[in-house]
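Below, each chain spelled out in residue letters.
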Amino acid sequence: MSTFPNLLQLQLRDGTDVVARPLTPEDREGLAEGYRLLSPEARYQRFWVHSGEVISDSTLDRLLNNDGRNHAIWAVLDRSREYPGLGAASYWRSKTDPTDAEFSVTVLDSEHGRGIGTLLLAILWIQAYQQGIETLTGYVIPENQQAIDWMCDTGADGHWDGYQAIFRWRLGDVSHLPMTPAAGDLAQWLAELTPE
């Protein structure tokens, strides 16, 4: 199997030229600025804490410790203005089940509805699958209906555990994807980006 590239020059479905690439420690200031630009609601929905506009150094260290195997973090950046990025997503391999990884995605409030989250899901889907991961698992607080709808629309199976919604995408098989625009977009990105 071919190795997934570390730089993708793409066009969003609306025609915007973007670059998708893994984040590195050199992206620390850009990631901190993107975090600052999130609404308080978006920061809470992603990190589940009310932390203000400043992301902690320990969180930045953890996010940017990207080995590509057990943890990967990618961003989509507008080619006309690299910072702040439009969105970022990551996965973390489970310590108890190496075939599963926790997936999370954050898109700037002003960029919602452009397919950025779906593109990031496709990128991490492919990279995770190449690393032997069979499922991506997303955890969502019940108030985040937009994320719940998106996860359903992109084909994740979900259930409620009494505290949070838990969604799982089964990698390696797209035949179960629903007939929704988001799942169609996901399938198209997977077809375009999967190495020969």
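Notes on the structure follow. (Residues numbered from 1 in each chain as written. Predicted model: local features only at pLDDT ≥ 70, side-chain atom pairs only at ≥ 80, totals over all residues. Heavy atoms only, no water.)

Pairing between the strands of a sheet is mediated by backbone hydrogen bonds and can be parallel or antiparallel. Pairing in this open sheet of 8 strands is mixed, and the strands run β1-β2-β3-β4-β5-β6-β8-β7 from one edge to the other. Where the open sheet ends on each side, the last strands, each with one partner, are β1 (8–11) and β7 (157–160). Across this sheet, the average inter-strand angle for adjacent strands is 25 degrees, counted without regard to direction. Relative to strand β6 (residues 135–140), strand β5 (residues 100–107) is paired through 3 bridges, and the arrangement is parallel. (Pairing = 2+ DSSP bridges. Helix = DSSP H or I, 4+ residues; strand = E, 2+ residues; numbered from the N terminus. Axes fitted to C-alpha atoms, helices over the stretch in contact; angles between N-to-C directions.)

Under the defined criterion, the tally for this structure stands at 2 aromatic pairs. Centroid distance Phe-103 to Trp-169: 5.4 Å. Interplanar angle 80 degrees. Geometry classified as edge-to-face. You can see Phe-103 sitting in strand β5 and its partner Trp-169 sitting in strand β8 (residues 165–170), a full 66 residues away along the chain. Trp-169 carries the same exposure label as Phe-103, and that label is buried. Across from the ring centre of Trp-189, 3.9 Å away, lies the NZ or CZ of Arg-13, which sits over that ring. (Phe/Tyr/Trp six-rings, centres within 6.5 Å; stacked < 30°, edge-to-face > 60°. Buried < 20%, exposed > 50% of the residue type's maximum accessible area, 1.4 Å probe, protein only. Lys NZ or Arg CZ within 6 Å of the ring centre and 35° of its normal.)

Glancing now at the layout of surface pockets. Its volume calculated, the second largest pocket comes out at about 170 Å³. Lining the second largest pocket are 11 residues, and of these Trp-125, Ile-126, Tyr-129, Leu-190 and Thr-194 sit closest to its centre. Per-element tally for the lining of the second largest pocket: the top contributor is helix α4 (residues 116–130), with 4 residues. Residues of the lining of the second largest pocket, tallied by class, amount to 7 nonpolar, 3 polar and 1 charged. (1 Å grid on protein atoms, 1.4 Å probe; cavity = no way out; pocket = protein on both sides within 12 Å on 5 of 7 lines; lining within 4 Å. Points joined across faces, edges and corners; volume = space filled by probe spheres on them. Nonpolar A, V, L, I, M, F, W, Y, C, P; charged D, E, K, R; others polar.)

This part is about the environment of Leu-7. Assignment of secondary structure puts Leu-7 in the segment before β1. Spatially, the C-alpha atom of Leu-7 lies 7.0 Å from that of Val-19, the residues being 12 residues apart in sequence.

With 13 residues, helix α6 (residues 181–193) ought to run about 18 Å at 1.5 Å a step, and its terminal C-alpha atoms sit 18 Å apart, in line with that. Every buried residue of α6 is accounted for by Ala-182, Ala-183, Asp-185, Leu-186, Trp-189, Leu-190 and Leu-193. Axial view of α6: buried residues confined to an arc of 155 degrees, hence all on one face. Relative to its buried face, α6 has exposed residues pointing more than 90 degrees away, namely Pro-181 and Ala-191. (Expected span 1.5 Å × (residues − 1). Arc of directions from axis to C-beta.)

By the element assignment, Glu-111 lies in the loop between β5 and α4. Residue Glu-111 is classed as buried on the basis of its relative accessible area of 10%. Here the side chain of Glu-111 touches Arg-114 through a polar contact of 2.4 Å, side chain to side chain. Dropping the residues within four chain positions of it, Glu-111 is found in contact with Arg-81, Leu-86 and Ile-116. (Polar contact = N/O pair within 3.5 Å; in protein donor to acceptor, adjacent residues only side chain to side chain. Contact = heavy atoms within 4.5 Å.)

This paragraph deals with the side chain of Thr-16. Here Thr-16 shows up in the loop between β1 and β2 (17–22). Note on Thr-16: relative accessible area 18%, which makes it buried. At 2.6 Å, the side chain of Thr-16 forms a polar contact with the side chain of Arg-114. With near-sequence residues (within four places) excluded, Thr-16 lies in contact with Leu-10, Gln-11, Asp-78 and Arg-114.

What follows is about the nonpolar core. Counting 43 residues, the largest nonpolar core has Leu-136, Trp-169 and Leu-193 as the members making the most contacts within it. The element that contributes the greatest number of residues to this core is α4, accounting for 10 residues. Those residues in contact with Trp-169 that lie beyond four places of it in its chain are Phe-103, Leu-121, Trp-125, Glu-134, Thr-135, Leu-136, Gly-138, Trp-150, Met-151, Thr-154, Gly-155 and Ala-156. With 15 residues, the next largest nonpolar core counts Leu-23, Tyr-35, Ile-73 and Ala-88 among its residues. (Core = buried A, V, L, I, M, F, W, Y, C linked by side-chain atoms within 4.5 Å.)

Moving on, we get to the pairing of β2. Here β2 lies mainly inside the structure; 5 of its 6 residues are buried. As paired strands, β1 and β2 are joined by 4 bridges and run antiparallel to one another. Within β2, the residue paired with Gln-11 across the bridge is Asp-17. Counted between consecutive antiparallel strands, the loop separating β1 from β2 contains 5 residues, among which Gly-15 sits at a positive phi close to 95 degrees. Pairing geometry for β2 and strand β3 (residues 71–78), over 5 bridges, is antiparallel.

Everything listed is a geometric property; what it means functionally is a separate question.
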